[in-house]
Amino acid sequence: MAAVTLEAVHKSYGKNHIVRGVSLTVADGSFLSLLGPSGCGKTTTLRMIAGLERLDSGRIAIGGGEVDGPAAHVPPERRGLGMVFQSYAVWPHRTVAENVAYPLERQGLNRSERDARIREALAQVRLEAFADRQPHALSGGQLQRVALARALVGRPKVLLLDEPLSNLDAALKEELRAEIAALRARLGTTMIAVTHDQAEALALADQVAVMRAGVLEQVATPQALYAEPNSPFVAGFVGGANVLDGEVRGGAFVLGGVRLELPTAVGDGPCTLVLRPEDAVLEPTGTLPLAARLFLGATTEYRLQLGDVALRVLGPPHPFAQPGTTVGLTLRAARVFPRELR
Amino acid sequence: MKRSALTAALLAPLVIFALLPLAVLVVRGLRSPDAWGLLVDPATFAALRGTTITSAGAAAIAFGLGLPLGLLLGRTDLPWSRAWRALFALPAAVPPFIFAMGWQLLANPRTGLLNTALHLHVDIYSSTGIAFVLGLSALPLVLLPTLASLEQVDAAWEEAARLAGAGPWRTLRDVALPLALPAAGSGAALAFLSSASAFGVPYLLGVTASPPIPTLTTRIWAQVLLGAHGLDQAGALALWLLGLSTLVLALAQRLGKRGRVSLASGKGARRTRLPLGPSRVAVSATTGLVAFVLVVLPLLVVVVASLQKNFGTFDAFTTAHWARLSHDTRTLGAFGQSALLALGTGVIVTGAGLALAWARSRLGQPFGAVAWLAAWPYAIPGTVLALGLILAFSLDTRVVLFDSVALVLALMNTSWLLLVAFSVRHLALGLRAARDGLERVDRSLAEAARLSGANRLRAFLDGTLPQLRGPLVAGFTLAVLASLTELTMATLLLPPGTDLLGTLLFELMSYADPAGAAVLACAVVAVVLLGQAAIAAAAPRKVAS
Ligand SMILES: Nc1ncnc2c1ncn2[C@@H]1O[C@H](COP(=O)(O)OP(=O)(O)OP(=O)(O)O)[C@@H](O)[C@H]1O
Ligand SMILES: [Mg+2]
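Everything numeric here is computed off the predicted structure, so don't read it as measured data. (Residues numbered from 1 in each chain as written. Chains lettered and ligands numbered in written order. Predicted model: local features only at pLDDT ≥ 70, side-chain atom pairs only at ≥ 80, totals over all residues. Heavy atoms only, no water.)

1. Quick notes on the overall build of chain B
Now for step 1: Within chain B, the secondary structure is distributed over 26 helices and zero strands.
Now for step 2: Taking 545 residues into account, the globule formula puts the C-alpha radius of gyration at 24 Å, and chain B, at 25 Å, falls close to it.
Now for step 3: Across its three principal axes, chain B shows a C-alpha extent of roughly 75 × 70 × 50 Å.
Now for step 4: For chain B, buried positions account for 52% of its 545 residues.
Now for step 5: Taking the contacts inside chain B whose residues are at least 6 apart along the sequence as the reference set, 77% of them involve residues at least 24 apart.
Now for step 6: With an accessible surface of roughly 24,500 Å², chain B has 67% of that area assigned to carbon and sulfur atoms. (Helix = DSSP H or I, 4+ residues; strand = E, 2+ residues; numbered from the N terminus. Rg over C-alpha atoms; globule rule 2.2 N^0.38 Å. Buried < 20%, exposed > 50% of the residue type's maximum accessible area, 1.4 Å probe, protein only. Contact = heavy atoms within 4.5 Å. Areas by Shrake-Rupley, 256 points an atom, 1.4 Å probe, with all protein chains shown as cover.)

2. A look at the pattern of salt bridges
Now for step 1: Tallied over the entire structure, the rule returns 27 salt bridges over all chains.
Now for step 2: The partner of Arg173(B) in a salt bridge is Asp174(B), and the shortest N-O contact between them spans 3.8 Å.
Now for step 3: Three or more residues are tied together by salt bridges with common partners; here these are Arg106(A), Arg170(B), Arg173(B) and Asp174(B). (Salt bridge = Lys/Arg side-chain N within 4 Å of Asp/Glu carboxyl O.)

3. Some points on a positive patch on the surface
Now for step 1: Among the surface-exposed residues, Arg362(B), Arg443(B), Arg450(B) and Arg456(B) lie close enough to one another that they form a single positively charged patch.
Now for step 2: On the secondary structure map, Arg362(B) appears in helix H16 (residues 329-363). (Patch = residues over 30% accessible without salt bridge, like charges linked within 9 Å, V, L, I, M, F, W, Y side chains within 5 Å. Lys, Arg positive; Asp, Glu negative; His and termini not counted. Charge placed at Lys NZ, Arg CZ, Asp CG, Glu CD.)

4. Some points on the domain arrangement of chain A
All names here are of chain A.
Now for step 1: Partitioning chain A into structural domains gives domain 1 (2-230) and domain 2 (242-341).
Now for step 2: Distance between the C-alpha centres of domain 1 and domain 2: 39 Å.
Now for step 3: Listed per partner, the contact involves five residues of domain 1 and five residues of domain 2.
Now for step 4: If you sort the residues of domain 1 by the area they bury against domain 2, Tyr226, Pro229 and Asn230 come out on top, with a joint share of 81%.
Now for step 5: For the pair domain 1 and domain 2, the interface holds zero salt bridges.
Now for step 6: At the boundary of domain 1 and domain 2, one finds three residue pairs in polar contact (both at pLDDT 80 or more). (Domains from an automatic or database assignment. Buried area = accessible area lost by both parts, 1.4 Å probe. Polar contact = N/O pair within 3.5 Å; in protein donor to acceptor, adjacent residues only side chain to side chain.)

5. Some details on the domain arrangement of chain B
Residues and elements named next belong to chain B.
Now for step 1: The domain architecture assigned to chain B consists of domain 1 (1-31 + 328-510) and domain 2 (40-259).
Now for step 2: In this complex, domain 1 contributes 23 residues to the contact, which on the side of domain 2 involves 25 residues.
Now for step 3: In this assembly, domain 1 and domain 2 are joined by one residue pair in polar contact (both at pLDDT 80 or more).
Now for step 4: Elements with a minimum of two residues in the side of domain 1 that touches domain 2: helix H1 (2-31), helix H17 (366-379), helix H18 (382-392), helix H24 (488-493) and helix H25 (501-512).
Now for step 5: Counted by class, the side of domain 1 that touches domain 2 contains 16 nonpolar, six polar and one charged residues. (Nonpolar A, V, L, I, M, F, W, Y, C, P; charged D, E, K, R; others polar.)

6. So, the sheet that holds strand S4 (residues 57-62) of chain A
Residues and elements named next belong to chain A.
Now for step 1: The strand order S2-S1-S4-S5 describes an open sheet built from four strands, whose pairing is antiparallel. In the strand order of this sheet, the two ends are held by strand S2 (16-26) and strand S5 (65-68), each with one partner. Strand-to-strand twist across the sheet, computed as the mean angle between neighbouring axes with direction ignored, equals 30°.
Now for step 2: Here strand S1 (residues 4-13) pairs with S4 via five bridges, running antiparallel. Within S4, the residue paired with leucine 6 across the bridge is isoleucine 60.
Now for step 3: Relative to S1, helix H1 (residues 42-50) is tilted by about 120°, and along the sheet it contacts S1, S2, S4 and S5. (Pairing = 2+ DSSP bridges. Axes fitted to C-alpha atoms, helices over the stretch in contact; angles between N-to-C directions.)

7. Comments concerning the side chain of Thr331(B)
All names here are of chain B.
Now for step 1: Inspection of the secondary structure puts threonine 331 in helix H16.
Now for step 2: Its relative accessible area of 3% is what places threonine 331 among the buried residues.
Now for step 3: Once you skip the residues sitting within four places of it in the chain, threonine 331 turns out to touch Leu325, Leu504 and Leu520.

8. Topic: a nonpolar patch on the surface
All names here are of chain B.
Now for step 1: Judged by side-chain polarity, Leu289, Phe292, Val293 and Leu300 come together as a nonpolar surface patch covering roughly 340 Å² of accessible area.
Now for step 2: Here valine 293 lies in helix H14 (residues 280-306).
Now for step 3: For valine 293, a relative accessible area of 31% gives the class partly exposed.

9. Details of the interface of chain A and chain B
Now for step 1: In this assembly, 23 residues from chain A lie in contact with 25 residues from chain B.
Now for step 2: Carbon and sulfur atoms make up 63% of the area that chain A and chain B hide from each other, which totals about 2,100 Å².
Now for step 3: It is Glu77(A), His93(A) and Arg106(A) in chain A that bury the most area against chain B; as a group they hold 26% of the surface buried on that side.
Now for step 4: Applying the counting criterion to the chain A and chain B interface returns three salt bridges.
Now for step 5: For the salt bridge of Arg47(A) with Glu159(B), the shortest nitrogen-to-oxygen distance reads 2.8 Å.
Now for step 6: At the surface where chain A touches chain B, the tally comes to seven residue pairs in polar contact (both at pLDDT 80 or more).
Now for step 7: Among the secondary structure elements, those contributing two or more residues to the side of chain A that touches chain B are H1, strand S6 (81-84) and helix H2 (96-107) of chain A.
Now for step 8: The biggest single contributor to the side of chain A that touches chain B is H2(A), with three residues.
Now for step 9: Residue classes in the side of chain A that touches chain B are distributed as 14 nonpolar, five polar and four charged.

10. Thoughts on unusual backbone geometry
Now for step 1: Residue Pro211(B) is reached from Ser210(B) by a cis peptide bond, and omega for that bond is -5°.
Now for step 2: Within the fold, Pro211(B) resides in the loop between helix H11 (200-206) and helix H12 (216-225).
Now for step 3: Not every positive phi belongs to a glycine, and Tyr88(A) is a case in point at roughly 70°.
Now for step 4: Checked against the element boundaries, Tyr88(A) lands in the loop between S6 and H2.
Now for step 5: Located in the positive-phi region is Trp80(B), a residue other than glycine, with phi close to 55°.

11. Description of the pairing of strand S15 (residues 280-295) of chain A
Put simply, side chains in a regular strand alternate between the two faces of the sheet.
Residues and elements named next belong to chain A.
Now for step 1: In the sheet, S15 pairs with strand S18 (residues 326-331) via six bridges, with the strands oriented antiparallel. What sits directly across from alanine 280, in S18, is leucine 331.
Now for step 2: By the bridge criterion, five bridges tie S15 to strand S16 (residues 300-306) in an arrangement that is antiparallel. Across the sheet, leucine 290 pairs through a bridge with leucine 304, a residue of S16.
Now for step 3: In this structure, the hairpin formed by S15 and S16 is closed by a connection of four residues, where glycine 297 is found at a positive phi of approximately 100°.

12. Side note on the nonpolar core
Now for step 1: The biggest cluster of nonpolar side chains holds 143 residues, and the ones touching the most others in it are Ile98(B), Leu205(B), Leu387(B), Leu493(B) and Leu505(B).
Now for step 2: Top contributing element to this core by residue count: helix H20 (residues 415-440) of chain B, with eleven residues.
Now for step 3: With near-sequence residues (within four places) excluded, Leu387(B) lies in contact with Leu25(B), Ile220(B), Val224(B), Leu231(B), Ala234(B), Gly235(B) and Ala238(B).
Now for step 4: Counting residues in hydrophobic clusters, the runner-up holds 50 residues, among them Leu6(A), Leu55(A), Leu81(A) and Val158(A). (Core = buried A, V, L, I, M, F, W, Y, C linked by side-chain atoms within 4.5 Å.)

13. Examining the packing of helix H5 (residues 96-107) of chain B against helix H7 (residues 127-137) of chain B
Residue and element names in this part refer to chain B.
Now for step 1: Where H5 meets H7, the closest approach of the two axes is 10 Å, and the angle between their N-to-C directions is 135°. Relative to H7, H5 is oriented oblique. As for the relative orientation of H5 and H7, their crossing is right-handed in sense. Residues Pro96, Phe99, Ala100 and Trp103 of H5 form the contact with H7, whose participating residues are Phe132, Val133, Leu136 and Ser137.
Now for step 2: Counted by class, the contact of H5 with H7 contains seven nonpolar, one polar and no charged residues. (Parallel < 35°, antiparallel > 145°, perpendicular 65-115°, else oblique. Left-handed = near helix turned anticlockwise from the far one by under 90°.)

14. Digging into the packing of aromatic side chains
Now for step 1: Under the definition given, this model contains twelve aromatic pairs over all chains.
Now for step 2: Taken together, a centroid distance of 5.7 Å and an interplanar angle of 45° make the contact between Phe199(B) and Phe506(B) tilted. Here Phe199(B) is found in the loop between helix H10 (168-197) and H11, whereas its partner Phe506(B) is found in helix H25, with 307 residues between them in sequence. Neither Phe199(B) nor Phe506(B) differs from the other in exposure class; each is buried.
Now for step 3: Where Tyr203(B) meets Phe506(B), the ring centres are 5.1 Å apart and the plane angle is 50°; that geometry is what we call tilted. Here Tyr203(B) is found in helix H11, whereas its partner Phe506(B) is found in helix H25, with 303 residues between them in sequence. Assigned by exposure class, Tyr203(B) and Phe506(B) land together as buried.
Now for step 4: Within the aromatic cluster, the residues linked to one another by ring pairs are Phe97(B), Phe199(B), Tyr203(B), Trp221(B) and Phe506(B).
Now for step 5: Lying over the aromatic face of Trp91(A), Arg150(A) brings its terminal NZ or CZ to 4.3 Å of the ring centre.
Now for step 6: Against the face of Tyr226(A) rests Arg276(A), its NZ or CZ located 4.0 Å from the ring centre. (Phe/Tyr/Trp six-rings, centres within 6.5 Å; stacked < 30°, edge-to-face > 60°. Lys NZ or Arg CZ within 6 Å of the ring centre and 35° of its normal.)

This is the structure:
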């Protein structure tokens, strides 16, 4: 178990600056989710922590010792980490047990110690019955758990997970998410998981680091991130909020000739409005055209037209709100950011 | 009705020209008066032993060189790896007996350059020499599948090993090597097969060795030369050769299947390249030296020899032999005859391959067997196939087997039998090209044509066929090149008074006019290189991923 620290880490491929000055501390025993849209440099950051990619500048320390920086580059095999790859990377020429055995072989454990540890690791991911299977005879979820067992068996200081749930279907996703949470509670290992799925990040992590184009936008607890996003980008990405560019005039947000009264007082000027779909309430009378109504089960989604931009609102199934009619809108909560932050 | 007629039309020539000769060979071999005696004859065993030893040696050399080379080219950051790959693949395209000629010039115990100039003591006229030359020719059979299987190795597999505590070289050993091993093993079995089937090299290097090194192919050839009463002995030898090669072929296929790795993985496989670090220069230089000595030097020495006044000496340059050969009617005749035969084979093989592949994709299962039937003659030794054709279409067997069915195909001792032999043998090349092509062509292209109003044939011609150009050109060219330089079957089936490029070259090389042979060899290599260039040009560009 160990803390992980990144200081001003830079990485570029040719002229493309992929990771630009990332500084981050993951406390010993905590779970950090690295969240961001596709191509923002999450995997690259994780691979640098693993030692699979060299830094251009900055430093990385694991458990207090510098593993990468101007003075040192510790190769991946000597960092004492475990990693679950996005493609699982379960070796096709080894059985499940042999896959899990490998880190122990490299640690030089003898056979009986190894067998006990393999059994323990397979039990943790509930794969005891599959020890002698060939990988090609496993399902995606099972391969995933083999990868997890292999990453954990060597008792790593830090467990790295690259999109651990992305290749699974919805039911398996739930199951493995619960499993990872349980493992973490039991083992207390420091974990860093990359994901572009905000629900996954919010559900698992102690801390979420939101990344955008190689830069960390915000690092906070899931609750703080949801309640107080520090930029429209974070709000849009994490809460699925509407992000609208407009203007504040006399306490109301104005866009496309429509006025929306703001719940809190804000000074006049151009701004970006962040409005969560569940923070607005439809009213029977008003001038906003309702473009569509989608039944989602627990709630109903409404698509309103604000000039030429669309606005998403969630709410109960109002009988009055039928596509083609016009409705009104009351904002219960909203955040307003100065325009240039966007 | 229509389907069965089509089946029959495609099947009949295969049965008559591919299955029947082998059936005749086997039946006759087992039913001849002294079948058992001939099978266990000491001379037969000596030949079997010679073939086994030289082929096993060749397979060992191909494996021992091909596997490390594959890891080096496929897994490290060695510069120019594409160029090295092309160079080391060259021996697959150049007939082995041309390499044998080069090595004769280099390693003849008395006059070879290595012995006279470098004062080494190497003798190419030995089992080791035969195995060496055959093994180098078979190197691509190990190298190319090894490289192909290494391409399937996902970088994440290796990175997972690194995270698990393995260093870079340990990772190579524990991940890449086990994954490449079945492909390399299967390639080595194929190397054994191709060496056991070779005729030119063991003839050139084995017959003049002291003591001579008998092999199955050269003994069969000698027996066939004796005429009718040598055929029984030849048949017995051929049965051994057939048995041996079938066994090895089965082994190769088993290993080949094991080597196929397929695992669902999220993102496309990336490749890692192991840094050679400071040893990069030394390793590059060594690779270059090995490539030069093994591939370039033997060909270069043939070119130089063709420009010498007296063959085997290296002092006076002259273009006299080139001038002489370019006016020689026999040479020109052989070129013409070979070209005609090769082009004919190419056309037949491409057309029949396309028909078979199409029938297979449309008619399904029963054609699996047909495809197998079509591929078999390419896998078994040419000597066996040629002998089967001789037996099946010579007068006496025909009477024995078909006295009631008057199947009169007066093919023996005509060039038509050569065309049949080459076509049957190389059908696999045409079939494979057409099948690979068809598999890659999107069905919807033809379906779109159908919906636009084209009938089935029109839709094939307009929608599918244009997409097949690359593979078909490649298949055609491969078949033409293989036929152009074919030697093994040609020596057995050549009608008297005719010359082919391969046989003429061989005749000149073995006694009459080695300098002339060197000129012809250069011409053959040039043609082969042109053909390979044509295949490369016709290949569809790989879509960057
Ligand atoms: N080896 C490389 N060479 C050049 N560019 C690269 C390389 N690896 C990654 N990149 C580029 O770096 C950027 C970030 O890649 P990275 O894999 O870190 O993204 P990611 O955030 O993990 O995205 P995803 O969610 O799609 O996995 C991408 O634009 C990618 O094209
Ligand atoms: Mg990624």
